[in-house]
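Coordinates in review
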Amino acid sequence: MGWYIGKRVLQMVPVFIGATLLVYAMVFLVPGDPIQAMFGERAVNPNVAAQIRQQYHLDQPFINQYLIWLGGIFQGDFGTSFSGRPVIDEIAQVYPTTVRLALMALVLEAVLGVVLGAVAGLRRGRWFDSTALVLSLLLIAVPTFVMGFLLQAVVGVKLKWLPVTVGADVSLRSLLMPAFVLASVSIAYVLRLTRTSVAENAQADFVRTARAKGLGAGQVVRRHILRNSLIPVVTFLGVDLGALMGGAIVTEGIFNIPGVGNKLFQAIIRGQGPTVVSLVTILVLVFMLTSLIVDLLYAALDPRIRLV
Amino acid sequence: MTFRRKGAAMMAAALAVALSLGACSQGGTDGGDAPTGSPVLMNGTEPQNPLIPTSTNEVGGGRIIDNLFARLVYYTADGETKMDMAESVTSDDDQVWTAKLKAGQVFSNDEPVDAAAFVDAWNWAANPANAQLNASWFSIIEGYEDVQDGTADTLSGLEVVDETTFTITLVAPDPNAVIQLGYSAYSPLPKSAFDDIAAYGQNPIGNGPYKLASDDAWQHDVQIELVPNDKYTGDRQPKNVGVTYVFYQDNKAAYNDILADNLDVLDQIPNDFMESFVAELGDRAVNETGSLFQSFTIPSRLEHFDGDEGALRRQALSLAINRQEICDTVFAGSRTPAKEFSSPLMPGWSDSIPGNAILGYDPTEAQRLWAAADAISPWTGQFKIAYNADGPHAEWVQAVLNSIHNTLGIETAPDPYPTFQASRTVITDRTIQSAFRTGWQADYPSIYNYLAPLYSSAAADGQGSNDGDYKNPQFDAELAAGLSETDMADAAVQFNKAQEILLRDLPAIPLWYQNIIGAKSTNVSNVLFGWDTVPIAYLIEKAA
C-alpha cells in the first residue's frame, strides 16, 4: 500500500508540470497587454511601463517567465500580484473561505443525496421515489444562477431568514444558502446514482443470501446494500470536491463570497500569470489528492479491490 | 453654468441644514458636533493597486484614497475648488506658484504635513524608477523630462522655501493650475512611507478626513473600514462615525443588499434592474445627470473618413443616431443625450454651443450628407464599432448600429473584443480597423480636462489619449486661448468656442452622458454625489 501511494505521488510530478505550463501558456496568450490596461484609457508612460514590466518579468520570453515562477515556488515564493501583494497571501486568504464553502456543499450533497437516494432506491416505484426523481430533475434543469438569485430574493431579501450576501461574515449560517445553491445540481446526481445503485443491489444474490440467513432488515441495508452501492457515489463525490472549489465563480458572485473563483476570474481578466497559475496549481493538487483518496477508499469499501 | 446641478445641490444643502437642526432639538447635545451611530456602508471594489495616491488610477482605490488623503485644495460637490491643506496658492506670473500650508497640520501618525511632505512625495512619484502609474501627472512641472530620462532625480520645478512654503514652477503658464492640484496624485506622503513603501501601500498613513480603522482594516476582496481622522483640521469634517467600503464582485449582490437595507449607499444599478429600480426603491433611488461622457471615435486613417468626404460621413453618422430613443429604451432613461464633448456637471457647461444641432436626430439631412460623401467617393464595406465585451456595451453598440443602418441603409456590424485589455492594445498600437467606443471622465472639474487629453495635437500619436490622432491647429489655438484666461468663467466660454470646431470635425461622435444612478438605505441622509459622480463620504449622516 505504501508503495502504491508513493507511485501515485510520483505520477503527480509530470501532471503538475504539464498542467502549470499549459495554464501559464494560456494566460500568456490572453490577447492584449496587461500593463497597457493598467493605465486604463489614459496615455501610457513608457518609462513607468518598462519599469513595471521589468518588476514582473513581463519583458522576458514566455518560457523564462514560467521558469522564474517555477523556480520561485520551490522557495515558497509564488510571486507578486499587480496590487503589490504576495500571491501566497492572496492564496492564504481566499482558499479557507472556498474550502469551507466546498466542504459544506459536499456534506450537503453527501447527506441529502445518499439518504434520499437510498430511501428512494429501497422503495422503488412508490410515491417517495417518484417525487424524488421529479425534484432531482428540477434541480438539474434549473441553472445555478437562477436558483441562486431566486433563493437570495426570497429567503434573503423578502423573508430575511438568512443573510443576503456573505462578504466579511463567512460564518456557517451565512454560507448555508450559497452552499446549498452550489450543491444543488450535485445533490440531484448523488441522489440518482445512489437510488439506481441501491435498487440494483437490493435484488442482488448476496442480499437474498443475507436475508435468507436471517439478518435483520437494518443490518442488510447498512452492511450489504449501502456499502456496495456507495462505490460510484464516492467516485462522484471525490471528483466533485475539486469541481466545487474551482467552479464556484457564479455562486461566489451572486452571494459576494471572497473566494477562489472571483480571485481567479479577476486575475485572468487582468492577465496576471503568476496569480492564475498559483491558484490553479493548488486546484490541480486538490484534484490529484482527492482522486488518490477516492482510490484508497475503494479498497476500504470493497475488499475485493486490492491495491497493488 | 450648471443650472440643474446647482439647484439640486442647494436644495440638498437646505435639506441638510433642516435635518441637522432637527437632530439638535431632538438630541439636545451641545452643538451636535460628534456624530454618533454606526459606520456608513458604501459599495466599492477591491483596489487594483497599492493604496498610494500616485499608484491609484481606478475608481475602486480612488474613492478610498480621496478619503485618506488631503491635497492643497479639494473640490466641493459642485466642482468648486477650495483650500484644504493650503492656506493659499498664489502666483504673479501664472508659472511660478507659491503654496503656503496652514501651520501645524499633521498626518494621522503625528508626522508633520510640511512642504517637504509634498515635495518629496511628488519627486518620488515622478521618478519612473518608482513605477507610479500616475507619474505623468507631474509633467506640468519643470524638470519632468530630466527625471524621465534619468538625468535628474528630482523635479527642478519644486523648491522648499520654509517649513510650510514651497514653490511649483510649471513648464508653461497656467492661470488655473490650482484646479489640477486637487487631483489625488498631488497628495503628500509622510516621511515614514519611504522606509518600506510596499508595506505602506497595504497600510497607508494619510492626512485626510479619514484613516484606516486598524492595522488590518483592509480586508482584501471583502471590505475596508475607515474612521474619522481627528488630526485632520480641514473643511471636509466627517458627519458620521466611519465609512466601510464593502467590495462587491457583482453589482447585483450589492443591489440585493440595498433592498434588504444591508448597504447604505450604492452608486450603480445593475442593468437588469434599470427599468424597475425607481419603482422598487421609491425615494431611495437616485437618478441625476452625471459626468461620464460616452462616444465612439472614428480614426481619420480609416478609409472614407479623411478630408471632406470624412467630414460629411461623420456628420451623417451623427445625425443618423436617435440618441434620445436609445437612452430611453436601451438604458431606461439612465443616460442623457450629449449636447457637447464634456459633462453637464462641469463649471461653465453649455447646452447651446453653436453647431450642436449635429448631435440631434435628422434622418433626411443624414441621408443627404451621406449621398454628398458618396459623390466624392462611393461607400464600400461595413461600418463597425469595436467594444470590449467584458463591459456592458453590446446592447447599445447594436442599437447605435441599427439606428445608422436604418437611416443610411449601409451594412453595419459590431466588433467585440473579449476584454478591455485586448481592445486597448489594438487601439493604442493603432492597428484597429474600425470605429471604437470611447468614454471619459474628468480627473478634475474642468471642461479643459475633457478636451485637451482627447483631441489636442499634443495628445496624439501615443502622447496622450487622442486615440484617433485628431489634429487641428485651430482647435489647439482655441484651447490655448482658454488656458490663458485668468477668470474661470471666461476660460469655460473659450473652451466652448474650441468645442465648436469639434462639433464641425467630429473626431469622436458624442453619444450621451451616463447618469448618476444609485440608491440609499433608509438609515442615511445627506447623500450627495460629487462632480465626479462619486458619493461624498464625509457628508453622509447615518442614524444609529
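These numbers come from a predicted model, not from an experiment.

A few words now on the overall build of chain B. For chain B, the helix and strand inventory stands at 16 helices and 20 strands. Here the C-alpha coordinates of chain B stretch approximately 75 × 60 × 40 Å along the principal axes. The buried share of chain B, taken over its 544 residues, is 59%. In chain B, 70% of the contacts between residues at least 6 apart in sequence involve partners at least 24 apart. When the accessible surface of chain B is split by element, carbon and sulfur atoms take 52% of a total near 20,600 Å². Once the 31 positive and 72 negative side-chain charges of chain B are each reduced to a mean point, those two points are 5 Å apart.

As a further point, take the overall build of chain A. Within chain A, the secondary structure is distributed over 13 helices and 0 strands. Overall size of chain A, expressed as C-alpha extent along the three principal axes, is 85 × 55 × 30 Å. Taking all 308 residues of chain A together, the buried fraction comes to 46%. Within chain A, contacts between residues separated by at least 24 positions form 74% of all contacts whose residues are at least 6 apart in sequence. Counting every atom, chain A has about 14,700 Å² of accessible surface; 70% of that belongs to carbon and sulfur. Each charge class in chain A can be summarised by its mean position, and for the 24 positive and 15 negative side chains these summaries are 14 Å apart.

Turning to the sheet that holds strand 5 (residues 96–101) of chain B, a few remarks are in order. Residues and elements named next belong to chain B. In space, the 4 strands of this open sheet follow the order 4-5-7-6, with antiparallel pairing throughout. In the strand order of this sheet, the two ends are held by strand 4 (86–91) and strand 6 (158–162), each with one partner. For this sheet, the mean angle separating the axes of adjacent strands, direction not counted, is 20°. As paired elements, strand 6 and strand 7 (residues 165–169) share 4 bridges and run antiparallel to each other. Paired with Glu 159 across the strands is Thr 167, a residue of strand 7. Sitting on the sheet, helix 3 (residues 115–126) touches strand 5, strand 6 and strand 7, and the angle it makes with strand 6 is about 170°.

Residue and element names in this part refer to chain B. Under the criterion given, the structure shown has 3 cavities of 30 Å³ or more. Of the volumes computed, that of the largest cavity is approximately 140 Å³. If you go around the largest cavity, you meet 16 residues; those closest to its centre are Thr 297, Thr 438, Leu 454, Ser 465 and Asp 467. The set of elements that each furnish at least two residues to the lining of the largest cavity consists of strand 13 (285–297), strand 17 (435–440) and helix 14 (448–455).

This paragraph deals with the nonpolar core. Residues and elements named next belong to chain B. With 140 residues, the main nonpolar core has Leu 72, Trp 122 and Phe 383 as its most contacted residues. No other element matches the 9 residues that helix 3 contributes to this core. With near-sequence residues (within four places) excluded, Phe 383 lies in contact with Phe 296, Ile 298, Phe 305, Leu 317, Leu 401, Ile 404, Ile 410, Glu 411, Thr 412, Ala 413 and Ala 435.

On the chain A side, the residues contacting the 49 residues of chain B number 44 residues. Our enumeration of links across chain B and chain A arrives at 1 salt bridge. The salt bridge involving Asp 221 of chain B is made with Lys 263 of chain A; its shortest N-O contact spans 3.0 Å. In this structure, the connection of chain B to chain A is made through 20 residue pairs in polar contact (both at pLDDT 80 or more). For the side of chain B that touches chain A, the secondary structure elements donating two or more residues are helix 4 (144–148), strand 11 (243–247), helix 7 (251–259), helix 13 (420–428) and strand 17 of chain B. In terms of residues, the side of chain B that touches chain A owes the most to one element, helix 13 of chain B, which gives 6 residues.

Below, the discussion takes up the environment of Ala 519 of chain B. Residues and elements named next belong to chain B. Mapped onto the elements of the fold, Ala 519 is located in strand 18 (residues 508–520). Put simply, Ala 519 and Arg 71 are 448 residues apart on the chain and 29 Å apart in space, counted from C-alpha to C-alpha. In contact with Ala 519, not counting residues within four places along its chain, are Ile 258, Asp 264, Val 265, Leu 266, Ile 269, Leu 281, Arg 284, Ala 285 and Val 286.

Residues and elements named next belong to chain B. Across the 6 residues that make up strand 15 (residues 383–388), a large majority, 5, are buried. One ladder, built from 6 bridges, connects strand 15 with strand 16 (residues 412–417); its direction is parallel. Across the sheet, the residue bridging to Phe 383 is Thr 412, located in strand 16. Handedness of the crossover joining strand 15 and strand 16 through helix 12 (residues 394–408) is recorded here as right-handed. Looking at chain direction, strand 15 and strand 17 are connected through 2 bridges and run parallel. When the sheet's bridge partners are listed, Ile 385 is paired in strand 17 with Ala 435.

Let's shift gears to the packing of helix 9 (residues 205–212) of chain A against helix 10 (residues 217–246) of chain A. All names here are of chain A. For the pair helix 9 and helix 10, interaxial distance at closest approach is 10 Å and the crossing angle is 175°. What the angle tells us is that helix 9 and helix 10 run roughly antiparallel. For the pair formed by helix 9 and helix 10, the contact residues are Phe 206, Val 207, Ala 210 and Arg 211 on the first element and Val 220, His 224, Ile 225 and Asn 228 on the second. In the contact of helix 9 with helix 10, the residues fall into 5 nonpolar, 2 polar and 1 charged.

Conventions used here
Residues numbered from 1 in each chain as written. Chains lettered and ligands numbered in written order. Predicted model: local features only at pLDDT ≥ 70, side-chain atom pairs only at ≥ 80, totals over all residues. Heavy atoms only, no water. Helix = DSSP H or I, 4+ residues; strand = E, 2+ residues; numbered from the N terminus. Buried < 20%, exposed > 50% of the residue type's maximum accessible area, 1.4 Å probe, protein only. Contact = heavy atoms within 4.5 Å. Areas by Shrake-Rupley, 256 points an atom, 1.4 Å probe, with all protein chains shown as cover. Lys, Arg positive; Asp, Glu negative; His and termini not counted. Charge placed at Lys NZ, Arg CZ, Asp CG, Glu CD. Pairing = 2+ DSSP bridges. Axes fitted to C-alpha atoms, helices over the stretch in contact; angles between N-to-C directions. 1 Å grid on protein atoms, 1.4 Å probe; cavity = no way out; pocket = protein on both sides within 12 Å on 5 of 7 lines; lining within 4 Å. Points joined across faces, edges and corners; volume = space filled by probe spheres on them. Core = buried A, V, L, I, M, F, W, Y, C linked by side-chain atoms within 4.5 Å. Salt bridge = Lys/Arg side-chain N within 4 Å of Asp/Glu carboxyl O. Polar contact = N/O pair within 3.5 Å; in protein donor to acceptor, adjacent residues only side chain to side chain. Right-handed = clockwise from strand over helix to strand, strands pointing away. Parallel < 35°, antiparallel > 145°, perpendicular 65-115°, else oblique. Nonpolar A, V, L, I, M, F, W, Y, C, P; charged D, E, K, R; others polar.

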